[in-house]
2 protein chains.
Amino acid sequence: MHNEGGVSVMNIEEVMPLLQEKKLAALRSNFEQMHPADIAALFSELIEQRAVSDTSLILIYRVIAKETAAEAFTYMDPSVQETLINSFSDRELSEVIDELYIDDAVDMIEEMPANVVSRILKNADSETRSQINNILKYPEDSAGSIMTTEFVYFRKGKTIAECFERIRSVGIMKETIYTCYVTDQRKLIGAVNLLEMITAEPATLIEDIAESNIITVNTLDDKESVAKTLSKYDLHAIPVVDNEERIVGIVTFDDAIDVIEEENTEDFSKMAAVAPLDESYFKTTVWHHARSRLPWLLFLMLSATLTGFVISRYETAFEKLAILIAFMPMIMGTAGNSGSQSSTLIIRGMAVDEIHLRDFFKVLWKEFRVALICGAVLAVVNGLRIYYFEQAGLLVSLTVGLSIVGVVILAKIVGSMLPMFAKKVHLDPAIMATPMISTILDTCSLLLYFTLATAILHV
Amino acid sequence: MHNEGGVSVMNIEEVMPLLQEKKLAALRSNFEQMHPADIAALFSELIEQRAVSDTSLILIYRVIAKETAAEAFTYMDPSVQETLINSFSDRELSEVIDELYIDDAVDMIEEMPANVVSRILKNADSETRSQINNILKYPEDSAGSIMTTEFVYFRKGKTIAECFERIRSVGIMKETIYTCYVTDQRKLIGAVNLLEMITAEPATLIEDIAESNIITVNTLDDKESVAKTLSKYDLHAIPVVDNEERIVGIVTFDDAIDVIEEENTEDFSKMAAVAPLDESYFKTTVWHHARSRLPWLLFLMLSATLTGFVISRYETAFEKLAILIAFMPMIMGTAGNSGSQSSTLIIRGMAVDEIHLRDFFKVLWKEFRVALICGAVLAVVNGLRIYYFEQAGLLVSLTVGLSIVGVVILAKIVGSMLPMFAKKVHLDPAIMATPMISTILDTCSLLLYFTLATAILHV
């Protein structure tokens, strides 16, 4: 047992001796001082480092106090959950399912093989089973698929005192009671927060203190937009309604945080020309990694042939003046880097809803001016460098300098416009990131460079 | 007034006629149906599009019901807030400050020029002023700087009934009451959630139902790690303690979401070789944009000279076989793209705490195998393409094919190792992203390509 940033945790080196010496009481009391999330992390490590067998793992799990164990289970990786479920007795399994919130149960089920799923559903009580099936029917990435059905609602016409009675009897099993909902024939008509209930007179009718102007999302809304709405309005939970305005679930802030982080990871992947992975880095197999990276690599490699054609066309020019070839990587690199700066900022700006399609010309004008400044500075620095240090001659220095101004302007315009164009035609703007932009710019920048060289140097 | 995704909003086109025809009652009732966050967005738009003068802006603000107006104020951009403050009477200013949560007030103050700050502090009551000053003393990016001091705590020895009395009298002004804290001589000894209080006997002592094993952060902890801790343990709020374990504030989930999004934006910027911006895209001036992009562009441009040297050294080789030059962009591009795939996945994996330094060899081994598969497929496809379609001859096709396998392996190893190396020497891994990686790989991949060409083709 040791302390990590104010939190008591055990690591593998501390668990193993206690386990080998069968000091189960000490083990149990140590687990009791740990946060369930840290217990879950320890289990992952035990499996990853192959420190214990599957049979030992279930023994350790049984040492933990029942309620803590069930809570730790909700934080575990699907692979650890699967290992444990395979060793669980039916009774243990149904105890754990009872402890899970419905949305956590659904998350888990979505990761399990079919035989495990049917065992889980068999051991769930009928109400839980029908709730799970209900959520499972919503499309992937929809609000319905991430919501929980465990919220508290009051029927119109109840008094505050009656509502508190209801919270006392059903609240303990709900994911949050801090915002409760008021319904009229299942239709959502209001939301009330617990603080207002505490400070109101017990005889007041609930609808009289409820806020009727509520932000809701539809079951079929994209989960990313749900997370954004929750974050925009600083909400603790957001009610999910069906097409008849009936409340069917809520999405809570912790799930919204997970969605935001997932979407960011997906954007990072796409922007590096990797098809988004379903699993984390280590859990994805080598074959899967290769498969998610190959299509883009192939496409980009074949696109680069175009640049080769441009070079072949100007073959005679650079045979006369071989020094021109030595500057090619620098010109292409500067174009790619300038372009990816712009495309990344625009992609991110659109992802956080700062930049919209209607800002097209505003962005264009801004990037053009930034490009002028950047291009001028780079051209001067580089022109002087090759004139003085590489003694390339005035005309060659001029050619390279002018090319740089040109490619930076071109790059910033292409880099900022393509992501917006992608959005316009309903593609994900994130694909217009560095790899794509620099492949396109390689050809354009070489064309510009060779054209200028032909004109200025008459090669 | 119209409906956007279930929420009632007004846009500029709807506000202006009401304003011009002085239909203030209609305006007021429309505002009353809008969420404060949407009112704030409308104000930003009014200013951005220069639809109204500053004097008209304050007139519109005064039309809104007082409490709604103050709440909308907390959602506004600093520049809108500044415009309004400059038009506020002292009384209006102090009313708004009274409505702000302390952490929102501090956020606002940090963005204001000195004269506005002193006017704000002058018009705050003395308790608010001292709380603001208290938070302002914490270093930027620390837990202390983003916490709020508005939380509810109970002294040890109080009964639940007494605690509810306290919530009723002070709770309404606090940012959250859903988790309250128990102190003993200001030291934090427990946390209790409201649901447990509601379901407990009124005569119970608060410390008897409080959880004593609490996750806390220190005032000086980095705000990013605070947000991660909150998300890891699914907490609604996390208490911030000083070095004597006394609770001085809390950080709530909505601030954590903002921190996560800010850090992600920073990572995106860094990975595109842009120095992170303090402001959003549009609020950053052209000069600032240029200044944040130039240093990296300059550095990368000058580094690309190295690639030029490599080319110069092999000048004689490609003069004999000009077709070799045409494949240069494709080889360099494939290297850059393969490398940035790996570096991005590793950078992201480290950012979300999945990949640690101790995983160095695990990553190396995984990337090596992925590279073998990717490299082989790309080499075969490309070798066949140039053999059959460009009729480049067997030896040239072989050279290009072998080079591709080589550069993909090199790229994936360099791309995955450099971010980990950066972390090891306490640099931000995000700088080892595409621009840096591809600049480094340009040189290495050309060296490999020319070496192979020399060996196989005897040029």
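Predicted model only: the values in this text are computed from it and were never measured.

(A) Inspection of the overall build of chain A at higher detail. Counting its secondary structure elements, chain A contains 24 helices and 8 strands. In terms of overall dimensions, chain A is more spread out than a globule: its C-alpha atoms have a radius of gyration of 30 Å, far above the 23 Å expected for 459 residues. A principal-axis box enclosing the C-alpha atoms of chain A has dimensions of 90 × 65 × 40 Å. Out of the 459 residues in chain A, the part that is buried amounts to 45%. Pairs at least 24 apart in sequence give 70% of the contacts found in chain A among residues at least 6 apart.

(B) How the structure looks around the sheet that holds strand E8 (residues 247–252) of chain A. Residue and element names in this part refer to chain A. Read from one edge to the other, the open sheet built from 3 strands follows the order E6-E7-E8, with strand pairing classed as mixed. Among the strands making up the open sheet, the edge pair consists of strand E6 (217–218) and E8. Here 5 bridges tie strand E7 (residues 237–241) to E8, and the two strands are oriented antiparallel to one another. From the neighbouring strand, Pro239 faces E8, where its bridge partner is Ile250.

(C) Structural context of the interface of chain B and chain A. Facing the 87 residues of chain B at the interface are 87 residues of chain A. Looking at the side of chain B that touches chain A element by element, the count peaks at 13 residues for helix H21 (residues 328–351) of chain B. Looking at the side of chain B that touches chain A residue by residue, the classes come out as 47 nonpolar, 27 polar and 13 charged.

(D) Structural detail: the sheet that holds strand E4 (residues 179–184) of chain B. Residue and element names in this part refer to chain B. With mixed pairing, 3 strands are arranged side by side in an open sheet as E3-E4-E5. Both edges of this open sheet fall to strand E3 (153–155) and strand E5 (187–193), since each of them pairs with a single strand only. For this sheet the average axis-to-axis angle between neighbouring strands, irrespective of direction, equals 30 degrees.

(E) Local environment of the pairing of E8 of chain A. Within E8 of chain A, 6 of the 6 residues are buried, which leaves it mostly tucked inside the rest of the structure. Joining the antiparallel neighbours E7 of chain A and E8 of chain A is a turn of 5 residues, in which Glu245 of chain A adopts a positive phi near 65 degrees.

(F) Spotlight on unusual backbone geometry. At Asp234 of chain A, a position not held by glycine, the phi torsion is positive, near 50 degrees. Within the fold, Asp234 of chain A resides in the loop between helix H15 (223–232) and E7. Phi angles above zero are rare outside glycine, and Glu245 of chain B is one such case at about 65 degrees. Position of Glu245 of chain B relative to the elements: it lies in the loop between strand E7 (237–241) and strand E8 (247–252).

(G) Expanded view of the nonpolar core. Ranked by size, the top nonpolar core spans 143 residues in total, and within it Val251 and Ala256 of chain A together with Val251 of chain B carry the most contacts. Core analysis: the second largest hydrophobic core is formed by 115 residues, Leu300, Val400 and Leu446 of chain A together with Met328 of chain B among them.

(H) The arrangement of the confidence of the model for chain A in detail. The pLDDT averaged across chain A works out to 87; a share of 99% of its residues lies at or above 70. On the interface metric, ipTM, the complex scores 0.79, and its pTM is 0.80.

(I) Quick look at the packing of helix H22 (residues 360–388) of chain B against helix H23 (residues 394–424) of chain B. All names here are of chain B. The interhelical angle for the contact between H22 and H23, taken along N-to-C directions, is 155 degrees, at an axis separation of 8 Å. By the angle class used here, H22 and H23 are roughly antiparallel. In terms of crossing hand, the pair formed by H22 and H23 is right-handed. Of the residues belonging to the contact of H22 with H23, the class tally is 23 nonpolar, 6 polar and 2 charged.

Thresholds, definitions, all that
Residues numbered from 1 in each chain as written. Chains lettered and ligands numbered in written order. Predicted model: local features only at pLDDT ≥ 70, side-chain atom pairs only at ≥ 80, totals over all residues. Helix = DSSP H or I, 4+ residues; strand = E, 2+ residues; numbered from the N terminus. Rg over C-alpha atoms; globule rule 2.2 N^0.38 Å. Buried ≥ 20, exposed ≤ 12 C-beta atoms within 10 Å, placed from the backbone. Contact = placed C-beta atoms within 7 Å. Pairing = 2+ DSSP bridges. Nonpolar A, V, L, I, M, F, W, Y, C, P; charged D, E, K, R; others polar. Axes fitted to C-alpha atoms, helices over the stretch in contact; angles between N-to-C directions. Core = buried A, V, L, I, M, F, W, Y, C linked by C-beta atoms within 7 Å. pLDDT = per-residue confidence, 0-100. Parallel < 35°, antiparallel > 145°, perpendicular 65-115°, else oblique. Left-handed = near helix turned anticlockwise from the far one by under 90°.

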